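Now for the letters of each chain:
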Amino acid sequence: MQYTIISPEKLNASITLPASKSISNRALIIYALSGGHMLPMNLSDCDDTRVIIEAIRYMPKVIDIKAAGTAMRFMTAYLSVMRGTHVITGTERMKHRPIGVLVDALRMLGADISYVENEGFPPLRITGRTLTGGSLEIAGNVSSQYISALLMIGPMLEKGLEMRLTGDIISRPYIDLTLWLMREFGADAEWSAGDVISVKAQPYRGRDYVIENDWSGASYWYEMVALSKDRDATVQLSGLMDGSKQGDSVVKYIFSLLGVKTVFESKETNMRQVVTLKKSGRRVPRLEYDFVNSPDLAQTVVASCCALGVPFHFRGLSTLKIKETDRIEALKAELLKLGYVIQDRNGCELVWDGTRCTPQADVVIDTYEDHRMALAFAPLSLCQPVTINNPQVVTKSYPNFWADLRYAGFEVREEK
């Protein structure tokens, strides 16, 4: 299936964003570890969250998390402390995404985990049991999802958990988000030093909880306002918080450099805020930024800068190579189709000096089974019609994206 997206001349829309996938997935694991008082409210309805709900609700012998990397990491740790034996598996791509760092760490804590097929990769056979816990050392530059998975089971360990992160610490806001959410459910978890996190053996307390909406999802609307030729372009987004713990809330700062102004106003009825995005009329001539703490925004900002003609040098992108696809190579390949010559350095940097080439005729954007490729490239329709392969991939994080585009006035035409 393909979608061809044609943009409206005017952009003026009020959008209800999906609930935060990052918060939903963490809250579900903590909910299950707390004994299942009540499911969190306003859960994300994306694929990643659904597979966790199904897994903790039914606990089948074989748990298929499909393409959900977060679910694979979080459920691996969760199953290690739950009674019973389970095999956790996923798509072919998931079977090629490394998980050895997490498995090694869990084994050091006493977990019973074996590889079903290839060493260092899913599927895994896990027999859950009570783990002793104690001290653990892990590299700080691995995926923060490994670290978060370990932290969330910390209160269930007999001796708690003291985790020392070595080297550079990447994606720290995601670690902070995990610690904050753990404390919301009664855990005693905090940074006890600059590189050490301590979690006491203090069980979670069940409670009612409402999930904030998704700042990652907001990023695509920032991109649309930035790219729209409508000087009065305005988008209102509900369910976000100015002081959000989501790392991707930094999008409001990044896009302030690309010509988008963010205005918050309180809504007393639900204690949430409405965010209004408008053009500021000012943007930087060149952008340098380190995405080490917000790698999921990289595709959106790279695509935006190219379309706006803003050269860039972006760092902190090492984790992009182990996401749903190798996002660095995917960005280079798809932007080249559109005439933008992007260079990568050291496997963790992307550079564009403004070099252009002749774009391909009748370009079709491939998504590589990666939701963020579809989500980041669709707004480029504000510069030219865009056709996207396998557009349904957005269900991984933003199931209503195409409906929201139509609501905002875009024509989304299905091609066979």
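See the structure shown above.
Numbers given to residues run from 1 along each chain, matching the order in which its sequence is written. Residues qualify for local features only when their pLDDT is at least 70, as the model is predicted, and side-chain atom pairs are given and counted only at 80 or more; totals for whole chains, interfaces and linings, by contrast, use all residues. Note: side-chain values were computed over all heavy atoms of the structure, leaving out hydrogens and water.

**Regarding the overall build of the chain**
Alright, step 1. Helix and strand counts for the chain come out as 12 helices and 20 strands.
Alright, step 2. For a compact globule of 416 residues, the expected C-alpha radius of gyration is about 22 Å, and the chain comes in at 21 Å, within 12% of that figure.
Alright, step 3. Principal-axis analysis of the C-alpha atoms places the extent of the chain at approximately 60 × 50 × 45 Å.
Alright, step 4. For the chain, contacts bridging at least 24 residues in sequence account for 71% of all contacts bridging at least 6. Working definition: helices are DSSP H or I runs of at least four residues, strands are E runs of at least two. Numbering for both runs from the N terminus. The reference for a compact globule is 2.2 Å times residues^0.38; the radius of gyration itself is calculated from the C-alpha atoms. By the convention used here, residues are in contact when the closest approach between their heavy atoms is within 4.5 Å.

**Observations concerning the environment of P385**
Alright, step 1. Tracing the backbone through its elements, the reader meets P385 in the loop between helix 11 (371-377) and strand 19 (386-389).
Alright, step 2. Separated by 190 residues in sequence, P385 and D195 place their C-alpha atoms 48 Å apart.

**Re the pattern of salt bridges**
Alright, step 1. Salt bridges are defined by distance alone: a side-chain nitrogen of Lys or Arg within 4 Å of a carboxyl oxygen of Asp or Glu. Under the defined criterion, the tally for this structure stands at 21 salt bridges.
Alright, step 2. The closest approach of N and O atoms between R164 and D195, which form a salt bridge, is 3.5 Å. Here R164, found in strand 8 (residues 161-166), pairs with D195, found in the loop between strand 9 (189-193) and strand 10 (196-199); they are 31 residues apart in sequence, far enough to count as distant.
Alright, step 3. Only protein chains enter the calculation, and the probe is 1.4 Å; a residue is then buried if its accessible area is under 20% of its type maximum, exposed if over 50%, and partly exposed in between. Using a relative accessible area of 37% as the deciding quantity, one classes R164 as partly exposed.
Alright, step 4. D195 sits in the partly exposed class, given a relative accessible area of 26%.
Alright, step 5. Across the pair R286 and E288 runs a salt bridge, and its minimum N-O distance is 2.6 Å.
Alright, step 6. Judged by its relative accessible area of 42%, R286 falls in the partly exposed class.
Alright, step 7. With a relative accessible area of 44%, E288 lands in the partly exposed category.
Alright, step 8. Taken together, the shared-partner salt bridges in this structure form one network comprising D296, R327, D370 and R372.

**Examining empty space enclosed by the protein**
Gaps between atoms show up when a probe of the same size as a water molecule is rolled over them.
Alright, step 1. Think of a 1 Å grid over just the protein atoms. A cavity is a set of points where a 1.4 Å probe fits yet cannot get out, a pocket is an open set with protein on both sides within 12 Å along at least five of seven lines, and lining residues have an atom within 4 Å of a point. Grid points are joined across faces, edges and corners, and a volume is the space filled by probe spheres set on the points. Across all of its chains, the model carries 3 cavities of 30 Å³ or more by this definition.
Alright, step 2. The computed volume of the largest cavity comes to approximately 320 Å³.
Alright, step 3. The wall of the largest cavity is formed by 24 residues, among which T70, R73, Q145, D296 and K323 lie closest to the centre.
Alright, step 4. Sorting the residues of the lining of the largest cavity by element identifies helix 1 (21-33), helix 3 (69-80), helix 5 (144-153) and helix 11 as the ones contributing at least two each.
Alright, step 5. Ranked by residue count, the leading element in the lining of the largest cavity is helix 1, at 4 residues.
Alright, step 6. Grouping the amino acids of the lining of the largest cavity by side-chain chemistry returns 3 nonpolar, 10 polar and 11 charged. Gly counts as polar in this scheme, as do all residues outside two lists: the nonpolar Ala, Val, Leu, Ile, Met, Phe, Trp, Tyr, Cys and Pro, and the charged Asp, Glu, Lys and Arg.

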